[in-house]
Amino acid sequence: MAQDAKYVTLTDANFASEVLESDQPVLVDFWATWCGPCRIIAPVIVELADEFEGKAKIGKLDVDHNPQTAMQYGVRSIPTLLFFKDGQVVDQLVGTAPKKVLAAKLEALAGQPA
Amino acid sequence: MEGIDFGSAEHRKVVIIGTGPAGLTAAIYSARANFAPLVIQGPEPGGQLITTTDVENYPGFPDGIMGPDMMQMFEKQAERFGAELRWGTVTSVDLSQRPFKLIVDEETPVTADTVIVSTGASAMYLGLENESRLLGHGVSACATCDGAFFREQNVAIVGGGDTAMEEALFLTRFASKIFLIHRRGEFRASKIMQDRVLSHEKIEVLWNTTVEDIRGDKLVEGLVIKDVNTGEVRDLDVEGFFVAIGHTPNTDLFKDFLDMDETGYIQTQSDSTYTNIEGVFACGDAQDHIYRQAVTAAGTGCMAAIDAERWLADQEA
């Protein structure tokens, strides 16, 4: 599955160019390998990346390897999902949430998926 | 129930609500009995074990196993025999007549001959306004999820049971200092866990103390705590605040139909998982405030599947 994944792997280095300067709304999933609830939500993130391709960008940021960005946005729980538009955080969710909820938030920012 | 058309609703002989050890064990048994149960995962798939680390007391795993790994194994085992796990949350039920009616995510109707309630319990919070505001920004109910954000920092945890002990000990891996706040002068946790906590150099217990408020604008900066004996109120500077004050059963959905005790635990008939409604069975933490173990939840999940199977057979006889 990994080779088909349409999400972007975010890092402290590429966060500005991929997220803050993105023309599309961006959903960022702050996660880590040791986080149980992150595993629950991981397949949903992959599905959303597929469904919203061309409309919104979906990114995953491993907080262990990219602590600066996590610190900068005050992330102290994972999974935390931040929704960015025009470089600003416009919505957020802490913990797992049903796909429907995430999709609705993305639709509000990006319109219906294709 | 208004506005939802049940005319073409999907029908199952067995619908299981919740996917902790109870629900998934019920799913394994029910699937092996060829009922192809529909298992609706709920808002916290995998249940409380998803937020634990090592499970050391589940038989068959002599070296322990990670909670999330164990729940994946449960899922795989249920699916192997034809259980269908579906992401979604049951948002309303009508158990007043058979077939029972359920609505998933406020839009999808499902009908069922039997319902197995395995909705479990969820972590409780203190209920402070600043607690919900700062959730995810220093306030957490899951040390094993969030402890790593507090390397070399001071944190506090409130609680007095095994969960609080386990989380306090887990936090010692990261935090430089852990204040364990408890409103009484003794813990209700097991002796072995208490001993580990009380002998740990990084953990300081604040007995007879309550948390009055949480300070911080964007991130937690500290607590306002109160000595219940003297009434003295003071600030405690911490960057993280963990809540481990117990659990509450996820049974609100059923309160118009099922008999419960005053704290919301579903009452089952002795030596069974029968509820007051025929065809509805309850298992796991939704009906157990005494043992609340993965293995007891699995045990009652098995009982519920067998009870449902026999009840269905009696209906057809």
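The coordinates are above.
For clarity, every value in this text was computed on a predicted model and none was experimentally measured.

Q: Could you clarify how one ought to interpret the overall build of chain A in this entry?
A: Counting its secondary structure elements, chain A contains 4 helices and 5 strands. In chain A, the order of α-helices and β-strands from amino to carboxyl end is β-α-β-α-β-α-β-β-α. Radius of gyration (C-alpha) of chain A: 13 Å, near the 13 Å computed for a compact globule of 114 residues. Projecting the C-alpha coordinates of chain A onto the three principal axes gives extents of approximately 35 × 30 × 25 Å. Once local pairs closer than 6 in sequence are excluded, the contacts in chain A between residues at least 24 apart make up 72%.

Q: Is there a simple way to explain the interface of chain B and chain A in this structure?
A: Accessible area lost upon the coming together of the parts serves often as the stated size of an interface. Taken together, the contact between chain B and chain A spans 23 residues of the former and 15 residues of the latter. Within the side of chain B that touches chain A, the residues separate by chemical class into 9 nonpolar, 10 polar and 4 charged.

Q: Is there a simple way to explain the sheet that holds strand β3 (residues 57-62) of chain A in this structure?
A: Paired through backbone hydrogen bonds, the strands of a sheet run either parallel or antiparallel to each other. Residues and elements named next belong to chain A. Pairing within the open sheet is mixed, and its 5 strands lie in the order β1-β3-β2-β4-β5. The outermost strands of the open sheet, each flanked by one partner alone, are β1 (8-10) and β5 (88-94). Adjacent strand axes in the sheet meet at a mean angle of 25 degrees, parallel and antiparallel pairs treated alike. Sheet analysis places strand β2 (residues 26-31) next to strand β4 (residues 80-85), joined by 5 bridges and oriented antiparallel. What sits directly across from Leu 27, in β4, is Phe 83. Sheet strands in contact with helix α2 (residues 36-51) are β2 and β3, and its direction is about 150 degrees off that of β3.

Q: Just checking my understanding: could you explain the nonpolar core for this structure?
A: Note on soluble globular proteins: their nonpolar side chains tend to be buried together. One finds Val28(A), Val15(B), Ile116(B), Val117(B), Val155(B) and Ile157(B) to be the most contacted residues of the largest nonpolar core, which totals 121 residues. When residues are assigned to domains, this core turns out to be shared by domain 1 (10-122 + 248-316) and domain 2 (129-243) of chain B, each giving three or more. If we ignore the near neighbours within four places in the chain, the residues touching Ile116(B) are Val14(B), Ile16(B), Ile17(B), Ala26(B), Phe281(B), Cys283(B), Ala304(B), Ala305(B) and Ala308(B).

Q: Whenever I open this one, α2(A) confuses me. Can you help?
A: In an α-helix, one full turn covers 3.6 residues, which means residues spaced three or four apart are oriented alike. Maximum bend of α2(A): about 35 degrees, positioned at Ala42(A), with proline Pro43(A) one to four residues after it. Taken together, the buried positions of α2(A) are Gly36(A), Pro37(A), Cys38(A), Arg39(A), Ile40(A), Ile41(A), Ile45(A), Leu48(A) and Ala49(A). Packing partners of the buried residues in α2(A) comprise β2, β3 and α4 (99-110) of chain A together with α2 (67-80) and α4 (143-146) of chain B.

Q: Would you mind showing me how to read the sheet that holds strand β13 (residues 203-206) of chain B here?
A: Residues and elements named next belong to chain B. If you walk across this open sheet you meet the 5 strands as β10-β17-β11-β12-β13, and the pairing is parallel. The open sheet has two edge strands with one neighbour each: β10 (139-140) and β13. Inspection of the sheet shows strand β12 (residues 177-181) paired to β13 by 4 bridges, in the parallel sense. Counted as the bridge partner of Ile 178 is Ile 203 from β13. Packing of helix α5 (residues 162-171) onto the sheet brings it into contact with β11 (154-158), β12, β13 and β17 (240-243), and relative to β11 it is tilted by some 170 degrees.

Q: Is there a simple way to explain unusual backbone geometry in this structure?
A: Glycine aside, a negative phi is what most residues show, and trans is what most peptide bonds show. Following Ile78(A), the chain continues into Pro79(A) via a peptide bond in cis, with omega recorded as 0 degrees. Of note, the amide linkage connecting Arg98(B) to Pro99(B) takes the cis form, showing an omega dihedral of -5 degrees. In this fold, Pro99(B) is placed in the loop between β6 (90-94) and β7 (100-104). In this structure, Asn34(B) is a non-glycine residue whose phi angle is positive, near 70 degrees. Secondary-structure assignment places Asn34(B) in the loop between α1 (21-32) and β2 (38-40).

Q: Explain helix α7 (residues 294-316) of chain B to me, please; I cannot follow it from the model alone.
A: All names here are of chain B. For α7, spanning 23 residues, the distance from its first C-alpha to its last is 33 Å, which sits close to the expected 33 Å at 1.5 Å a residue. Every buried residue of α7 is accounted for by Ala 294, Ala 297, Ala 298, Thr 300, Gly 301, Met 303, Ala 304, Ala 305, Asp 307 and Ala 308. Those residues of α7 that are buried are in contact with β1 (10-17), α1, β3 (54-55), β8 (108-117) and β19 (280-282).

Q: Help me out: how do you make sense of the environment of Gln194(B) in this one?
A: Among the structural elements, Gln194(B) can be located in helix α6 (residues 191-198). When residues no more than four places from it in sequence are discounted, the contact partners of Gln194(B) are Met165(B), Phe187(B) and Ala189(B).

Criteria and thresholds
Numbers given for residues are sequential positions, taken from 1 along each chain in its written order. Written order decides the labels, with chains lettered from A and ligands numbered from 1. With the structure being a predicted model, the display of local features is reserved for residues of pLDDT at least 70 and the display and counting of side-chain atom pairs for 80 or more, all residues being used for whole-chain, interface and lining totals. Put simply, DSSP H or I for four residues or longer makes a helix, DSSP E for two residues or longer makes a strand, and each gets a number counted from the N terminus. Radius of gyration: C-alpha atoms only; globule rule: 2.2 Å multiplied by the number of residues to the exponent 0.38. Here, residue contact means that the backbone-derived C-beta atoms of the two residues sit within 7 Å. Each residue is assigned to one of three groups, with Ala, Val, Leu, Ile, Met, Phe, Trp, Tyr, Cys and Pro labelled nonpolar, Asp, Glu, Lys and Arg labelled charged, and all others, Gly among them, labelled polar. In this analysis, strands are considered paired if DSSP registers two or more bridges between them. A fitted line through C-alpha atoms represents every axis, and for helices the fit uses only the stretch in contact; the resulting angles, taken between N-to-C directions, go from 0 to 180 degrees. Defined on buried residues, the nonpolar core groups Ala, Val, Leu, Ile, Met, Phe, Trp, Tyr and Cys residues joined through C-beta atoms within 7 Å. Note on burial: count the other C-beta atoms lying within 10 Å of the residue's C-beta; 20 or more is buried, 12 or fewer is exposed, in between is partly exposed, and C-beta positions come from the backbone. An automatic or database domain assignment supplies the start and end points of every domain. To get the bend at any residue, fit one axis to the seven residues that end at it and another to the seven that begin at it, then take the angle between the two axes. Here a helix's expected span is defined as the number of its residues, less one, multiplied by 1.5 Å.

Limitation: the analysis is restricted to geometry and does not speak to function.
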